[in-house]
Amino acid sequence: MTTYRLLNNVNKFHEAFVDFRAMRKQFEGVKVWFSQKNEPLLDRLKTDWRPVAVSFESDLKTNQIPDISVWNYSCLVLSENAKLVLENLLVERGEFLPLEAGYWLFNCLDVIDGDSIDPDQSSFQIDSEDSLHIPRNLVLKDDSTSGKVLFKPSFAHNSFLLCSDEFKDAAENSKLGGVVFEENLAKVFL
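So, here's what we can say about the structure. Keep in mind it's a predicted model, so treat the numbers as computed, not measured.

### Looking at the sheet that holds strand S13 (residues 179-182)
With mixed pairing, the five strands of this open sheet are ordered in space as S8-S11-S12-S1-S13. Bordering the open sheet on either side are strand S8 (111-112) and S13, each of which pairs with just one other strand. Note that strand S1 (residues 3-8) and strand S12 (residues 162-164) share three bridges and pair antiparallel. In the sheet register, Tyr4 faces S12, and the bridge partner there is Cys163. Across the face of the sheet, helix H4 (residues 165-173) comes into contact with S1, strand S11 (150-153), S12 and S13 while running at roughly 80 degrees to S12.

### Brief notes about the packing of aromatic side chains
What characterises a pair of aromatic rings is the spacing of the ring centres plus the angle enclosed by the ring planes. Across all of its chains, the model carries six aromatic pairs by this definition. Ring geometry for Tyr4 versus Phe181: centroids 6.1 Å apart, planes at 80 degrees, classification edge-to-face. Note that Tyr4 is positioned in strand S1 and Phe181 in strand S13, a separation of 177 residues in sequence. Here Tyr4 and Phe181 have matching classes, each one buried. Summarising the aromatic geometry, the rings of Phe27 and Trp49 are spaced 6.0 Å apart at their centres and angled 40 degrees between planes, so their arrangement reads as tilted. In this pair, Phe27 sits in the loop between helix H1 (20-24) and strand S3 (54-57) while Trp49 sits in the loop between H1 and S3, placing the two residues 22 residues apart along the sequence. Across this residue pair, the class does not change: Phe27 and Trp49 are buried. Chaining the aromatic ring pairs together yields one cluster made of Tyr4, Phe167 and Phe181. When the ring centre of Phe96 is taken as reference, the NZ or CZ atom of Lys83 above it lies at 5.1 Å.

### What about the packing of helix H2 (residues 80-90) against H4?
Across the interface, H2 lies against H4 with an axial gap of 10 Å and an inter-helix angle of 165 degrees. What the angle tells us is that H2 and H4 run roughly antiparallel. As for how H2 packs across H4, the hand of that crossing is right-handed. Contact with H2, carried on its side by Val85, Leu86, Leu89 and Leu90, involves Glu166, Phe167, Ala170 and Ala171 of H4 and no other residues of that element. Among the residues making up the contact of H2 with H4, the classes are represented as seven nonpolar, no polar and one charged.

### Topic: the layout of surface pockets
Empty space within the second largest pocket amounts to approximately 220 Å³. Together, Arg5, Leu6, Leu7, Asn8, Val10, Glu15, Ala16, Phe17, Val70, Trp71, Asn72 and Tyr73 line the second largest pocket. Those elements that place two or more of their residues in the lining of the second largest pocket are S1, strand S2 (15-18) and strand S4 (68-71). For the lining of the second largest pocket, the element with the most residues is S1, which contributes four residues. Taken together, the residues of the lining of the second largest pocket break down into eight nonpolar, two polar and two charged.

### Here's the deal with the nonpolar core
Counting 24 residues, the largest nonpolar core has Leu6, Ile68, Leu76, Leu78, Leu86, Leu150 and Phe167 as its most contacted members. When residues of this core are traced back to their parent elements, those giving at least two are S1, S4, strand S5 (75-78), H2, strand S7 (104-108), H4 and S13. It is H2 that contributes the most residues to this core, four residues altogether. Excluding its chain neighbours within four sequence positions, the residues that come into contact with Leu78 are Asp67, Ile68, Lys83, Leu86, Leu90, Phe96, Gly102, Tyr103, Trp104 and Phe106. If you look at the next biggest cluster of nonpolar residues, it comprises 18 residues, including Trp49, Leu97, Leu99 and Leu105.

The rules behind the values
- Residue numbers run consecutively from 1 along every chain, following the written order of its sequence.
- Owing to the predicted nature of the model, reporting of local features is limited to residues with pLDDT of at least 70; listing and counting of side-chain atom pairs is limited to 80 or more, with chain, interface and lining totals taken over all residues.
- With hydrogens and water set aside, each side-chain value is computed from the structure's full complement of heavy atoms.
- DSSP bridges decide pairing: two strands pair if at least two such bridges lie between them.
- By the criteria applied, helices consist of DSSP H or I runs no shorter than four residues and strands consist of E runs no shorter than two, each listed in order from the N terminus.
- Note on contacts: a residue pair qualifies if any of its non-hydrogen atoms lie within 4.5 Å across the two residues.
- Under this scheme, a helix contributes an axis fitted over its contacting stretch, all axes are lines through C-alpha atoms, and angles between N-to-C directions fall in the 0 to 180 degree range.
- Only Phe, Tyr and Trp rings take part, Trp by its six-membered ring, and two of them pair if their centres are within 6.5 Å. Stacked means planes under 30 degrees apart, edge-to-face means over 60, and tilted covers everything else.
- Under the scheme applied here, a residue whose accessible area is under 20% of the maximum for its type counts as buried, over 50% as exposed, and between as partly exposed, the area being computed with a 1.4 Å probe on protein chains only.
- Placement of a charge over a ring requires the Lys NZ or Arg CZ to be within 6 Å of the ring centre, with the centre-to-atom vector within 35 degrees of the ring normal.
- When describing relative orientation, an angle under 35 degrees is termed roughly parallel and one over 145 degrees roughly antiparallel, while 65 to 115 degrees is termed roughly perpendicular and anything else oblique.
- Left-handed describes a crossing whose near helix is turned anticlockwise from the far helix through less than a right angle; right-handed describes the clockwise counterpart.
- Put simply, Ala, Val, Leu, Ile, Met, Phe, Trp, Tyr, Cys and Pro go in the nonpolar bin, Asp, Glu, Lys and Arg in the charged bin, and everything else, Gly too, in the polar bin.
- Put plainly, a pocket is an open set of points on a 1 Å grid over the protein atoms alone with protein on both sides within 12 Å along at least five of seven lines, a cavity is a set where a 1.4 Å probe fits but cannot get out, and a lining residue has an atom within 4 Å of a point.
- Grid points are joined across faces, edges and corners, and a volume is the space filled by probe spheres set on the points.
- Side-chain atoms within 4.5 Å link the members of a nonpolar core, which is a set of buried Ala, Val, Leu, Ile, Met, Phe, Trp, Tyr and Cys residues.

See below:
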C-alpha cells in the first residue's frame, strides 16, 4: 500500500480560504486556529454550527475551482460532489461541517504516531543534538497505515494530511480535482 501526502494543485486549481474570523466566533476558547491536539471542533461549539463563507483564490486567474482543497494544512474543503463520493470513506475518521455555497469542511481526526516511522528505511538530517530531526526520507510501516484512509501524523504535530490508495483511487476515479498525491512524504520538510 502506498501512502501519499495531500498537497493543493496550485498549478491548475484555486486554493480554498475559509472565513476563519466568522468561524472562530462560534467556538469556546479559540483565539487562533484550533490547537494541534487533534480534537473535534463540534465539542467546542458555543451553539449550533452556522455555515461560514469559503472563497477560492490563486495567482493564476485561469485556475479552476477545486472539488478537494487542503485548508490550514490538516483539513479538507470539499465540494458537494466530493463529499458525496468520499463521505463513506471519511465519516468514521473525522467530522463534516457545512460551509456556504454547498461546500464542506472536513476536520480529519485519524492519526498515526511516531512508532509508525520505519527506522530502517527512513533517514534524518540531524545538524546538532538540539536541532529538529528533519527527514530526508520518510517511510511509514505498512502495519501502521493499514486500514487508514485519510490521517495526520501526530509525530509532526498533526500538521499535514496523508492518505491511502483507497482515498486516491476514489478521488481520481470520480475525477475530483484540486490536490496532488505526493509519494515523497519527506517533501513537506525539504
